[in-house]
Amino acid sequence: MSVITDPPQQGFRISQLLYDTRYRSMTIQIIALIGFLVAFGWLINNTLANLAALGKPLGFGFLWEPAGYDINQRLIEYNSQMSNARAALVGVLNTLLVAVLGCIAATILGVLIGVLRLSKNWLVSRLMTVYIEGFRNVPVLLWILMAMAIFIEIFPQPRDFRGEDPVATMKIFETVAVTNRGVYLPGPIMNAGSGVVVAAFIASLVAIFFFGKWAKARQEQTGQILPTFWIKLGILIIPSMLIFFIMGKPIGMEVPAIKGFNFAGGIYMRNSLIALWLALSLYTAAFIAETVRSGIMAVSKGQTEAAAALGLRPARTMNLVVLPQALRVIIPPMISQYLNLTKNSSLAIAVGYMDVTGTLGGITLNQTGREMECLIILMAIYLTISLIISGVMNWYNERVKLQER
Amino acid sequence: MSNISYVRTEMLQEKAPPVTQTGIVKWVRENLFSSVSNSVLTLLALWLLYTLLSHVLPWVFQSSWSANSLTECRSAIAAAYGEGTHGACWAVIRERFFQLIYGFYPPELYWRPNLAFILMLVALAPVLFDKLPRKMLWFSAVYPFLCFWLLWGGSIWLPLSIVAGFVLGGFAFKLIGAQFGNLFATIGAFLVPILWWMFAASPVASGIHSAIPLGLEAVESAKFGGFLLSILIGITGIVLSLPIGILLALGRQSDLLIVKAICVGFIEFIRGVPLITLLFVASVLLNYFLPPGTNFDLILRVVIMVTLFASAYMAEVIRGGLAALPKGQYEGADSLGLDFWQSTRLIIMPQALKISIPSIVSTFIGLFKDTTLVSIIGLFDPIGLSTNIRADSAWNGIIWELYGFIAIVFFIFCFSMSRYSMYLENKLKTGH
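Cut-offs and rules
Residues numbered from 1 in each chain as written. Chains lettered and ligands numbered in written order. Predicted model: local features only at pLDDT ≥ 70, side-chain atom pairs only at ≥ 80, totals over all residues. UniProt positions renumbered as here; feature names shortened; annotations may be inferred. Helix = DSSP H or I, 4+ residues; strand = E, 2+ residues; numbered from the N terminus. Rg over C-alpha atoms; globule rule 2.2 N^0.38 Å. Contact = placed C-beta atoms within 7 Å. Buried ≥ 20, exposed ≤ 12 C-beta atoms within 10 Å, placed from the backbone. Axes fitted to C-alpha atoms, helices over the stretch in contact; angles between N-to-C directions. Parallel < 35°, antiparallel > 145°, perpendicular 65-115°, else oblique. Left-handed = near helix turned anticlockwise from the far one by under 90°. Nonpolar A, V, L, I, M, F, W, Y, C, P; charged D, E, K, R; others polar. Expected span 1.5 Å × (residues − 1). Bend = angle between axes of the 7 residues up to and from the residue. Pairing = 2+ DSSP bridges. Core = buried A, V, L, I, M, F, W, Y, C linked by C-beta atoms within 7 Å. pLDDT = per-residue confidence, 0-100.

An unreviewed UniProt entry lists chain B under the name Amino acid ABC transporter permease, with Paramylibacter ulvae given as the organism. Check the Sequence similarities (unreviewed entry) section of the UniProt entry for chain B; it says "Belongs to the binding-protein-dependent transport system permease family. HisMQ subfamily."

The name an unreviewed UniProt entry assigns to chain A is Amino acid ABC transporter permease, from the organism Paramylibacter ulvae. The record held by UniProt for chain A lists under Sequence similarities (unreviewed entry) the comment "Belongs to the binding-protein-dependent transport system permease family. HisMQ subfamily."

Here you go:
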């Protein structure tokens, strides 16, 4: 009689750590962890030794000492007596300013160029191809420097606008001055009662939002379609305009005027900000255009044909069938383009725009000699911004993603 | 009456098609003026093109190639094309051409970068075009050391002793493998060369050098510049980032938690910060991380940082390729009984790399363009040199000619890389 027995039990042997697949992965991981910790510890140990030898132990106290330098471009109150941390904050806000402006401009421009590149018009599509290839294949730093050079080399000095017979004149009905120091735009003047107009405008925006929701619900219930665009436009303009005139035109326009050797009044956009903004958006637009083009091309022709067979008009086909599907392909690469633009804004240092690399990683670093601390904070700031952008965009991506079972 | 026929008996002569339906007229009607909006677009485009070209072309062609300073150049243009003409002073490119290419490399040694460049083409050829004999790959493997020695000069024994480390590693693998099996062989193949490089390589090299001095005149790093520097940093980064990127991508995909966490942390950290902060680290911080007293070359530090930066991006690109592979490929490889490295090497990677070729090449292009950032930390790449040239009183105020020249050279390099990627994509296409 044969008895089936278990194979003889063997005790745990050392070799099992290597040859038994149950334990091997554990062994490898522990070795990797030890190696990593040793290497990391070695680096930190060296760093601390080096810093101690130089007599500047790691510490962040310098952040609260007066910065001692001015920042010419700022969104919040700042002067040279304020702390280094405040200077860094001004820099962060400047980074965010140029990043947000750049993302908006690059998206508009990129979508336009991407669509135009698919145009049936031979000349236009070729021209867009030249634009895209031209901008993509030249370093962005070069574009930033060139945009800055346009300001410095080509545009007139403010003093050229002076006198009876000025060398240079203001553009667009004498309201905008383009000078080598930047662009002076007309700004609004808020008189008494302007708050009501602003409130009315905000209220109409809210009304538009709810109207849109209501119209959509109504369409889904009854199948009737309202001319929403025109109604929305009406809600946007008419009430605000009415109140504007009833209150006696409380919002005026202040046109920049030459005072002495410079312009005063209105909104002043510094040349470095505009150069950086322009170059980053033109450069990123070329990449976004390619993304948009490939996204639209990824929607199969059958979709368009099916929509036509259902009797949808071309504009509706685009809005309801093609774009929602194209968007799914477009969004993930678009996220990385926004991230790239934000990171490329650190090249501001090349044209003297005071972003966070210029304040914290530039002047503060050089004045205090705290390379280690400054760069750690700088990297942490950029890492946070990147993670927030990708987090928000991924959340949006989840929302428009195809709902699969 | 009977000879009237109602049926035509002879054929009509063929008529020429209407003029709007043939040749160039048809093409123009269909492609440029097919509708009102299209016509508006065409006219707008033509106007734009005219405005651009009417400003740029005269500037490009009403130029001077022979002057030796900006003022001389402007007066030559004024004399030739009339007062008030804005023309390009291409003379600066002619006068500073070698500086823009080689930086401050000693002129009598220009043959060395030239030779290195030609040999680089030879070394790249078997990698890029698979029709060439495979034996040429051996030269490609040796090339990096040869290039290093050619560019920096110094004793030949130093690069040779580094190569010796690899040879020793190979021997260790063979010897230990025969005795103790694969795993120990791998460990040995890692440990032996590292020990050799850490302790033996440099004394051995200097020992042999004092016995048999054989070498080239040394050139210090500060003399490197121009496109030589861009290409040097770019190519090194490209060559090194691909293998590191592959390893990182595999690590990120793996089931080993700790390995995965390390890889994810590294990749996300590098991708979250701008390259310029990493270059700051290279220029002011990297020496802090090493034992006190170590001080190594700025270009080397920059290359290390650029490589790390590029490999994080490369890892994400390759991960995309790995994720795009159907699961059946992994399972098929497993069912054939291949182990992890075999299946990765023979089944997974060839396909994943093929899928990600376009993105790999665009990462390369991005890396090459990013080499211009080194000008911010004070290296003399072409952009850094253009500032330097403007500091010379003879060329003070010259901008567009230099930027234009640099832009065109970068365009040629990057555009040809993207065309090569299209060629490769077409060649490797196995679908129907």
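Check the secondary structure of chain A and you find 12 helices and seven strands. Scaling as 2.2 N^0.38, a compact globule of 405 residues should have a C-alpha radius of gyration of about 22 Å, whereas chain A reaches 30 Å, well beyond that. Restricting to contacts in chain A with at least 6 residues of sequence separation, those with at least 24 account for 67%.

Bringing the overall build of chain B into the picture now. In terms of regular secondary structure, chain B is built from 17 helices and two strands. The dimensions of chain B, computed from C-alpha atoms along their principal axes, are 115 × 70 × 40 Å. Here chain B, with 432 residues, has 30% of them falling under the buried criterion. Of the contacts formed within chain B by residues at least 6 apart in sequence, a portion of 69% connects residues at least 24 apart.

A separate point is the packing of helix α3 (residues 84-117) of chain A against helix α8 (residues 271-298) of chain A. All names here are of chain A. Following both chains from N to C, one finds α3 and α8 inclined at 40°, their axes separated by 6 Å at the closest point. In terms of their interaxial angle, α3 and α8 are classed as oblique. For the pair α3 and α8, the crossing hand works out as right-handed. Among the residues forming the contact of α3 with α8, the class breakdown is 16 nonpolar, six polar and three charged.

This next bit is on α8(A). Between the first and last C-alpha of α8(A) there are 40 Å, a value that for 28 residues agrees with the 40 Å anticipated at 1.5 Å per step. Maximum bend of α8(A): about 25°, positioned at A:Ala285.

Take the sheet that holds strand β7 (residues 267-270) of chain A next. Residue and element names in this part refer to chain A. Strand order in the open sheet made by the three strands is β1-β2-β7, with antiparallel pairing throughout. Only two strands of the sheet have a single neighbouring strand rather than two, namely β1 (177-179) and β7. Neighbouring strand axes in the sheet, compared pairwise and without regard to direction, differ in orientation by 15° on average. Across three bridges, the pairing between β1 and strand β2 (residues 182-185) is antiparallel.

The next thing to look at is the nonpolar core. The tendency in soluble globular proteins is for nonpolar side chains to be buried as a group. Residues A:Ile144, A:Ala275, A:Leu276, A:Ala279, B:Leu279 and B:Val302 are the most contacted members of the largest nonpolar core, which totals 148 residues. When residues of this core are assigned to their parent elements, the largest contribution, 17 residues, is made by α8(A). Apart from residues lying up to four places away in sequence, A:Ala279 is in contact with A:Val140, A:Trp143, A:Ile144 and A:Ala147.

Residue and element names in this part refer to chain A. The UniProt entry lists residues 26-44, 87-116, 137-155, 189-212, 224-247, 267-289 and 375-396 under the feature "transmembrane region" (unreviewed entry), expressed in the numbering used here. What you have in residues 224-247 is 79% helix and 0% strand, and the ends, taken at the C-alpha atoms, are 38 Å apart. Secondary structure over residues 375-396 splits into 100% helix and 0% strand, and the C-alpha atoms at its two ends are 32 Å apart.

Residue and element names in this part refer to chain A. Direction vectors running N to C along α3 and helix α4 (residues 122-136) enclose 130°, while the axes themselves pass 8 Å from each other. Classified by the angle their axes make, α3 and α4 are oblique. Of the two elements, α3 crosses α4, and the hand of that crossing is left-handed. Here Ile113, Leu116 and Arg117 of α3 lie close against α4, whose contacting residues are Val124, Ser125, Met128, Thr129, Tyr131 and Ile132. The class makeup of the residues in the contact of α3 with α4 is six nonpolar, two polar and one charged.

Further remarks concern helix α2 (residues 36-61) of chain B. Residue and element names in this part refer to chain B. Its 26 residues place the ends of α2 37 Å apart at the C-alpha level, agreeing with the 38 Å of an ideal helix rising 1.5 Å per residue. Of all bends in α2, the biggest is about 30°, found at Leu53. The buried fraction of α2 is low, at two of 26 residues.

The next subject is the interface of chain A and chain B. Contacts between the two partners involve 46 residues from chain A and, on the opposite side, 42 residues from chain B. With 13 residues, the top contributor of residues to the side of chain A that touches chain B is helix α2 (residues 21-54) of chain A. Considered class by class, the residues forming the side of chain A that touches chain B number 30 nonpolar, 11 polar and five charged.

We now examine the UniProt feature "domain: ABC transmembrane type-1" (unreviewed entry) in chain B. Under the local residue numbering, the UniProt record ascribes the feature "domain: ABC transmembrane type-1" (unreviewed entry) to residues 227-421 of chain B. What you have in residues 227-421 of chain B is 79% helix and 0% strand, and the ends, taken at the C-alpha atoms, are 22 Å apart.

So, on to the environment of B:Phe266. Relative to the assigned elements, B:Phe266 resides in helix α10 (residues 257-272). Non-local contacts of B:Phe266, meaning those with residues more than four positions away in its chain, are made with B:Leu248 and B:Ala312.

This paragraph deals with the environment of B:Phe296. All names here are of chain B. With respect to the helices and strands, Phe296 occurs in the loop between α11 (275-289) and α12 (298-324). For Phe296, a count of 12 C-beta atoms within 10 Å puts it in the exposed group. Separated by 10 residues in the primary sequence, Phe296 and Leu286 have C-alpha atoms spaced 9.4 Å apart.

On to the environment of A:Ala67, then. Take A:Ala67: it is sitting in the loop between α2 and α3. Judged by the 26 C-beta atoms lying within 10 Å of it, A:Ala67 falls in the buried class.

What follows deals with the confidence of the model for chain B. Mean pLDDT over chain B works out to 86, with 98% of the residues at or above the 70 mark. Two summary scores accompany this predicted model of the complex, namely pTM at 0.86 and ipTM at 0.86.

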